[in-house]
Amino acid sequence: MANQQNSKAINIALWVAQALLGAMFLMAGTMKASQPVEALAESLPWVTSMPLGLVRFIGISELLGGLGLLLPSLLRIKPFLTVWAAIGLVAVMLLAALFHASRGEFSAIGMNVVLMALSAFIAWGRSKKVPILAKG
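Description of the structure in this document. (Residues numbered from 1 in each chain as written. Predicted model: local features only at pLDDT ≥ 70, side-chain atom pairs only at ≥ 80, totals over all residues. Heavy atoms only, no water.)

### Here we look at the environment of Ala41
Turning to step 1, where the next piece is worked out: For Ala41, the position within the fold is in helix H2 (residues 37-43).
Turning to step 2, where the next piece is worked out: The exposure class assigned to Ala41 is partly exposed, which follows from its relative accessible area of 21%.
Turning to step 3, where the next piece is worked out: The residues touching Ala41, leaving out its near neighbours within four places in the chain, are Val47 and Thr48. (Helix = DSSP H or I, 4+ residues; strand = E, 2+ residues; numbered from the N terminus. Buried < 20%, exposed > 50% of the residue type's maximum accessible area, 1.4 Å probe, protein only. Contact = heavy atoms within 4.5 Å.)

Here it is as structure tokens:
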């Protein structure tokens, strides 16, 4: 009984993490993929020193990662893709942390680490602890 309650609590925590992280990456990705560089530079000064194609690629990666955290699990169609999306976002956040470290922007790394940890939690939880089964 305790194990079943533990799994239920972890499942709820995973859904909360997926919803929050998915929404955050959908918003951040949409912003980087579509806003003019001038508008982006107001909140993300680093975009002015990067090629526009790279900024757009990062945005599309985050957008697809956010969709991947949510849609396969919600629709129960190939839910293993949620695990792969989470792993992909771990990689994106690791690269972001390394990028910010190379520029001496150490204050930005904390958020990268938090997002990386949440993504890793989702990858672990949905692959090992409380996988979502595909429809039928």
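### Observations regarding unusual backbone geometry
Turning to step 1, where the next piece is worked out: Of note, Arg76 is a non-glycine position whose phi angle comes to about 55°, a positive value.
Turning to step 2, where the next piece is worked out: With respect to the helices and strands, the residue Arg76 is situated in the loop between helix H3 (52-75) and helix H4 (80-102).
Turning to step 3, where the next piece is worked out: Exposure remark for Arg76: the relative accessible area of 39% places this residue in the partly exposed category.
Turning to step 4, where the next piece is worked out: Phi angles above zero are rare outside glycine, and Lys78 is one such case at about 50°.

### Here's the deal with the nonpolar core
Turning to step 1, where the next piece is worked out: The biggest cluster of nonpolar side chains holds 17 residues, and the ones touching the most others in it are Leu21, Phe25, Leu69, Met93 and Ile122.
Turning to step 2, where the next piece is worked out: At the level of secondary structure, the elements contributing two or more residues to this core comprise helix H1 (2-34), H4 and helix H5 (109-129).
Turning to step 3, where the next piece is worked out: Per-element tally for this core: the top contributor is H4, with 6 residues.
Turning to step 4, where the next piece is worked out: Residue contacts for Phe25: discarding those within four places in its chain leaves Thr30, Glu62, Leu63, Gly66, Leu89, Met93, Leu115 and Ser119. (Core = buried A, V, L, I, M, F, W, Y, C linked by side-chain atoms within 4.5 Å.)

### Concerning the packing of aromatic side chains
Turning to step 1, where the next piece is worked out: A full pass over the atoms with the stated rule returns 2 aromatic pairs.
Turning to step 2, where the next piece is worked out: Note that Arg126 overlies the ring of Trp15, its terminal NZ or CZ placed 5.1 Å from the centroid. (Phe/Tyr/Trp six-rings, centres within 6.5 Å; stacked < 30°, edge-to-face > 60°. Lys NZ or Arg CZ within 6 Å of the ring centre and 35° of its normal.)

### Focus: the side chain of Ser73
Turning to step 1, where the next piece is worked out: Of note, Ser73 is situated in helix H3.
Turning to step 2, where the next piece is worked out: Setting aside residues no more than four positions away along its own chain, Ser73 makes contact with Trp15, Gln18, Thr82 and Ile132.

### Comments concerning the pattern of salt bridges
Turning to step 1, where the next piece is worked out: Evaluation of the coordinates by the stated rule reveals 2 salt bridges.
Turning to step 2, where the next piece is worked out: We note a salt bridge from Lys32 to Glu62, for which the minimum N-O separation is 2.8 Å. Residue Lys32 is located in helix H1, and its partner Glu62 is located in helix H3; the two are separated by 30 residues in the primary sequence.
Turning to step 3, where the next piece is worked out: Arg103 is the partner of Glu105 in a salt bridge, and the nearest nitrogen-oxygen pair spans 2.9 Å.
Turning to step 4, where the next piece is worked out: Residue Arg103 is classed as partly exposed on the basis of its relative accessible area, which comes to 36%. (Salt bridge = Lys/Arg side-chain N within 4 Å of Asp/Glu carboxyl O.)

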